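The lines below spell out each chain.
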Amino acid sequence: MCGRHRAYFLRKLKAWKEAIIEESRATMAQLQVDSMREPDLADRASTETDWSIELRTRDRQRKLIAKIDCAIRRLYEGEYGYCEVTGEPISLGRLEARPIATMTLEAQECHERIEKVSRDD
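Residues numbered from 1 in each chain as written. Predicted model: local features only at pLDDT ≥ 70, side-chain atom pairs only at ≥ 80, totals over all residues. Heavy atoms only, no water.

**Quick word on the overall build of the chain**
Across its full length, the chain holds four helices and zero strands. In the chain, the order of α-helices and β-strands from amino to carboxyl end is α-α-α-α. Its C-alpha atoms give the chain a radius of gyration of 20 Å, clearly above 14 Å, the size a compact globule of 121 residues would have. With respect to the principal axes defined by its C-alpha atoms, the chain has extents near 60 × 45 × 20 Å. Put simply, of all contacts in the chain between residues at least 6 apart along the chain, 55% involve residues at least 24 apart. Averaging the locations of the 22 positively and 23 negatively charged side chains of the chain gives two centres separated by 5 Å. (Helix = DSSP H or I, 4+ residues; strand = E, 2+ residues; numbered from the N terminus. Rg over C-alpha atoms; globule rule 2.2 N^0.38 Å. Contact = heavy atoms within 4.5 Å. Lys, Arg positive; Asp, Glu negative; His and termini not counted. Charge placed at Lys NZ, Arg CZ, Asp CG, Glu CD.)

As structure tokens, then:
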């Protein structure tokens, strides 16, 4: 991976992380503004369900930020773009589609097959 590619993926990862953080800030601000004062129990239950889904989404994004931080660290250490299993380069197309990828497509498919087999037992 050349310097231009590394710079591109660093910008992409940082922008993705910032977008997630901004969405989280907006969610927290909305939670502080909205109140749960709906007089109808059905409306209140619906609102609580909506917020529960939103908070679960934010929790998943919090975990995604940790993966983005790991990818950025790998970029600085020169390990980004190489499979953690085989050591082979990960294709630029795969990194474009999933910038936090840590395995080549083949290694990922093998990992998922093994995971499925062990889960079925």
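**A look at the nonpolar core**
Among soluble globular proteins, nonpolar side chains are generally buried collectively. Grouped together as the largest cluster of nonpolar side chains are 18 residues, with contacts concentrated most on Leu13, Ile68, Leu75, Tyr80, Leu95 and Ile100. Within the residue set of this core, elements represented by two or more residues are α1 (3-33) and α2 (41-77). If you tally residues by element for this core, the top one is α2, at six residues. For Tyr80, the residues in contact, after removing those within four places along its chain, are Met1, Phe9, Leu13, Ala71, Arg74, Leu75, Leu95 and Pro99. (Core = buried A, V, L, I, M, F, W, Y, C linked by side-chain atoms within 4.5 Å. Buried < 20%, exposed > 50% of the residue type's maximum accessible area, 1.4 Å probe, protein only.)

**Observations concerning the confidence of the model for the chain**
Residues shown with low pLDDT carry predicted positions that ought not to be read at fine detail. On average, residues of the chain score 88 in pLDDT, and 93% of them reach the 70 mark or higher. The element-level mean pLDDT for the chain is lowest in helix α4 (residues 105-120), coming to 86, with helix α3 (residues 92-97) highest at 95. (pLDDT = per-residue confidence, 0-100.)

**Comments concerning a negative patch on the surface**
A surface patch of negative charge is lined by Glu88, Glu106, Glu109, Glu112 and Glu115. Topologically, Glu106 is positioned in helix α4. Residue classification places Glu106 among the exposed residues on the basis of a relative accessible area of 54%. (Patch = residues over 30% accessible without salt bridge, like charges linked within 9 Å, V, L, I, M, F, W, Y side chains within 5 Å. Areas by Shrake-Rupley, 256 points an atom, 1.4 Å probe, with all protein chains shown as cover. Salt bridge = Lys/Arg side-chain N within 4 Å of Asp/Glu carboxyl O.)

**Examining the pattern of salt bridges**
Counted by the stated rule, this structure contains nine salt bridges. In this structure, Glu54 and Arg58 form a salt bridge, with 2.6 Å as the shortest nitrogen-oxygen distance. Placement of the pair is Glu54 and Arg58 together in helix α2, with a separation of four residues, close to one helical turn. When the shortest N-O distance is used, the salt bridge between Asp59 and Lys63 registers 3.7 Å. Here Asp59 and its partner Lys63 are both found in helix α2, four residues apart, which amounts to about one turn of the helix. The class for Asp59 is partly exposed, based on a relative accessible area of 31%. On the basis of relative accessible area, Lys63 is assigned to the partly exposed category, the value being 46%. In this structure, a network of salt bridges that share partners links the residues Glu18, Glu22 and Arg25.

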